[in-house]
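# Secondary and tertiary structure notes
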Amino acid sequence: MFLHGTSTINGRGHLEIGGCDATVLAESFGTPLYVMDEELIRRRCREFTQAFKESGLDYQVAFASKAFCVMAMCRLIEEEGLTLDVVSDGELYTALQAGFPPERIHFHGNNKTPDEIAFGVDAGIGVFVVDNFHELALLNAIAGSKKKTVKILLRVSPGVEAHTHDYMLTGNEDSKFGFDLGSGGAMEAAKQALEQPHLKLLGIHSHIGSQIFEVDGFRMAVDKLMQFCLAVRTETGAEFRVLNLGGGFGVRYVEGDKPLEIADYVKAITANIYSTFTDNGYPVPSIWVEPGRTIVGDAGTTLYTIGSMKELPGIRKYVSVDGGMTDNPRPALYQAKYEAMLANRGHDANEETVSIAGKCCESGDMLIWDLELPKAEAGDILAVSCTGAYNYSMASNYNRIRKPAVVFVKDGEAEVVVRRETHADLIAGDVIPARMHKAPSEAGIR
Ligand code: LLP
């Protein structure tokens, strides 16, 4: 397994993260356990800010909280001086409860409800990223009813659809997100937005995809957005102050994944911005990005305890762990690949190929197919790396399995930032209707 960040194999042959022995973490906090390498998260934040400082551009780096939204993370992001992107009232609530400054929050989403919009307006959040005409009118009306003016960006779909290892140009964008550039929807939105008395249009936003390794897709999007800025000025006279390029920069999950360094992503996507704007006599807008996975992805490791095993001679050996698709749905959802090792036997040579099964009642609940491991025994601790993004945040209670705890580790200390769910948590929202308290005969059941 590739060792990310502060991860290392210590003198006892155990995986160590943030100076903490993974076997001790498993013993102390139980498994499954999400372990987050705090120093690595902070390093990633600083790589973004440093790269932008070097670009000479005005900038904002927002953490896309959908990747990992818990109060301690919001606090860390605030400490690192980043802004925060939320997409629901739940993420917004989490950030506000963590004391995150509302004016540094951006609110995304293709169907914000009236209640969510009102929540954001009341909280005084920095920017709404308006996705569609319905929202444009709704936000203006809600802001007006509260006698406020809110800052907005327009989400545009630039007609560049990026995939993991590949991108393609789509003449007519087929996406549920944003105002379409090609068909003129984005221009119409800009005109309407400029006329709304309770909206202040700062600029535009685009997000072309996630886990992208090549920069060509980003560059194409940037070019189209810059051309759009110029076109809007020609048609309306308005100049945008913000160009938000979204997130989507790839990280290394498994061997063969070849992401760029953060500094190189930033350099590549910002390369033409200054010259294009200044050549056109256009004040260079502030460049915003909103990475999620790049900030937290490789900082996460999930620890599991190995239990049952099943050997099918000539076919495969299943090794089951005490978690699965409930704490990491990505293999089942996206056929995502992960690397893993035995955290308590870091010096042992690999001896067999096994497949790691989760404990859910689903044949598809497989975490890793064909993994090389030493001969595993029940009680061994399996560490799966690069689980920091879209694992805890996408976890479920399927099979009424409790969500694991999350610990931050740093300099040999471990802090629980989310406690393990209890059985009581599972039924906390359940209500048995009053009529069911009655004896069956009284309820009319024979
Ligand atoms: N900004 C917007 C508007 C987004 O929709 C996203 C991700 C991001 C920023 C952050 O993208 P990142 O830097 O993390 O790639 N659940 C999937 C990923 C879906 C991402 C959705 N939007 C996964 O597990 O891979």
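Residues numbered from 1 in each chain as written. Predicted model: local features only at pLDDT ≥ 70, side-chain atom pairs only at ≥ 80, totals over all residues. Heavy atoms only, no water.

### Focus on the overall build of the chain
The cut-off we apply is this: To qualify as a helix, a DSSP run of H or I must reach at least 4 residues; to qualify as a strand, a run of E must reach at least 2; elements of each kind are numbered from the N terminus. Computation of the radius of gyration draws on C-alpha atoms, with the globule rule given as 2.2 Å multiplied by the number of residues to the power 0.38. Each residue is placed in one exposure class: buried if its accessible area under a 1.4 Å probe, protein chains only, is under 20% of its type's maximum, exposed if it is over 50%, and partly exposed if it falls in between. Residues are treated as being in contact if the distance between any of their heavy atoms lies within 4.5 Å. We get accessible surface area from the Shrake-Rupley algorithm with a probe of 1.4 Å; when it comes to residues, only the shown protein chains can shield them.
Scanning the chain from N- to C-terminus turns up 13 helices and 23 strands. Taken over the C-alpha trace, the chain has a radius of gyration of 24 Å; the compact-globule value for 446 residues is 22 Å, and the two agree within 12%. With the principal axes as the frame, the chain shows a C-alpha extent of 70 × 65 × 40 Å. Put simply, the chain has 446 residues, and 53% of those count as buried. In the chain, 69% of the contacts between residues at least 6 apart in sequence involve partners at least 24 apart. Of the roughly 19,400 Å² of accessible surface on the chain, a fraction of 49% belongs to carbon and sulfur atoms.

### Re helix H5 (residues 114-123)
Regarding H5, the residues found buried are Glu-116, Ile-117, Ala-118, Gly-120 and Val-121. Contacts made by the buried residues of H5 are with helix H4 (89-97), strand E7 (105-107), strand E8 (127-130), helix H6 (133-145) and strand E9 (150-157). Immediately beyond the C-terminal end of H5, within one or two residues, lies Gly-124, with a positive phi of roughly 75°.

### A few points about H6
Along an α-helix, residues three or four apart share an orientation, since each turn contains 3.6 residues. To keep things clear, this is the line we draw: Expected span, for any helix, means 1.5 Å times one less than how many residues it has. The definition of a polar contact used here is a pair of N or O atoms within 3.5 Å, where within protein one atom must be able to donate a hydrogen and the other to accept one, and adjacent residues in sequence count solely through side-chain atom pairs.
With 13 residues, H6 should reach 18 Å at 1.5 Å per residue; the first-to-last C-alpha distance of 18 Å fits that figure. Inspection of H6 places Glu-135, Leu-136, Leu-138, Leu-139, Asn-140, Ile-142 and Ala-143 among the buried residues, and these make up the whole buried set. Where H6 begins, the side chain of Asn-132 points an oxygen toward the backbone nitrogen of His-134, at a separation of 3.4 Å. One or two residues past the end of H6 sits Lys-147, with phi positive at roughly 55°.

### Comments concerning the site of the ligand
This is how the line gets drawn: Proximity is defined per residue: if any heavy atom of the residue lies within 4 Å of a molecule or strand, that residue is considered near it. Basically, the charged four are Asp, Glu, Lys and Arg, the nonpolar ten are Ala, Val, Leu, Ile, Met, Phe, Trp, Tyr, Cys and Pro, and anything else, Gly included, counts as polar.
As a matter of local geometry, the ligand sits amid 18 residues, with Ser-210, Glu-290, Arg-293, Arg-330 and Tyr-390 nearest to it. Ser-210 is positioned such that a nitrogen or oxygen atom in its side chain is 2.3 Å from an oxygen atom of the ligand. Between Tyr-390 and the ligand, the recorded distance is 2.6 Å, taken from a side-chain N or O atom to an oxygen atom. Contact with the protein chains covers 87% of the free accessible surface of the ligand, which is 580 Å². Here the residues of the shell around the ligand are counted per class, giving 5 nonpolar, 7 polar and 6 charged.

### Topic: the pairing of strand E4 (residues 33-37)
The cut-off we apply is this: DSSP-based pairing: two strands are paired if at least 2 bridges between them are found.
Burial runs high along E4: 5 of the 5 residues are buried. Alternating residues of E4 divide into Leu-33, Val-35 and Asp-37 and Tyr-34 and Met-36, and every residue in both groups is buried. In terms of strand pairing, E4 meets strand E16 (residues 300-312) through 4 bridges, oriented antiparallel. Bridged to Leu-33 within E16 is Leu-303.

### Some thoughts on the side chain of Asp-380
With respect to the helices and strands, the residue Asp-380 is situated in the loop between strand E20 (366-373) and strand E21 (381-385). The buried category is assigned to Asp-380, whose relative accessible area is 5%. Here the side chain of Asp-380 touches Glu-377 through a polar contact of 2.8 Å, landing on its backbone nitrogen. Those residues in contact with Asp-380, other than ones at most four positions away along the chain, are Tyr-304, Thr-305, Ile-306, Leu-342, Asn-344, Arg-345 and Lys-375.

### Digging into the sheet that holds strand E3 (residues 20-21)
The strand order E1-E2-E3 describes an open sheet built from 3 strands, whose pairing is antiparallel. This sheet does not close on itself; its edge strands, each paired only once, are strand E1 (8-9) and E3.

### Observations regarding the packing of H5 against H6
This is how it is decided: Angles run from 0 to 180 degrees between N-to-C directions of axes, and those axes are lines fitted to C-alpha atoms, restricted for helices to the stretch in contact. Note on angle classes: values under 35 degrees are labelled roughly parallel, values over 145 roughly antiparallel, values of 65 to 115 roughly perpendicular, and the remainder oblique. For a crossing to be left-handed, the near helix must be turned anticlockwise from the far one by less than a right angle; the clockwise case is right-handed.
Look at H5 against H6: their axes get within 10 Å of each other, and the N-to-C directions meet at 50°. By the criterion of interaxial angle, the relationship of H5 to H6 is oblique. The two elements H5 and H6 cross, and the hand of that crossing is right-handed. Seen from H5, the contacting residues are Pro-114, Ile-117, Ala-118 and Val-121; seen from H6, they are Glu-135, Leu-138, Leu-139, Ile-142 and Ala-143. Here the contact of H5 with H6 is built from residues that sort into 8 nonpolar, no polar and 1 charged.

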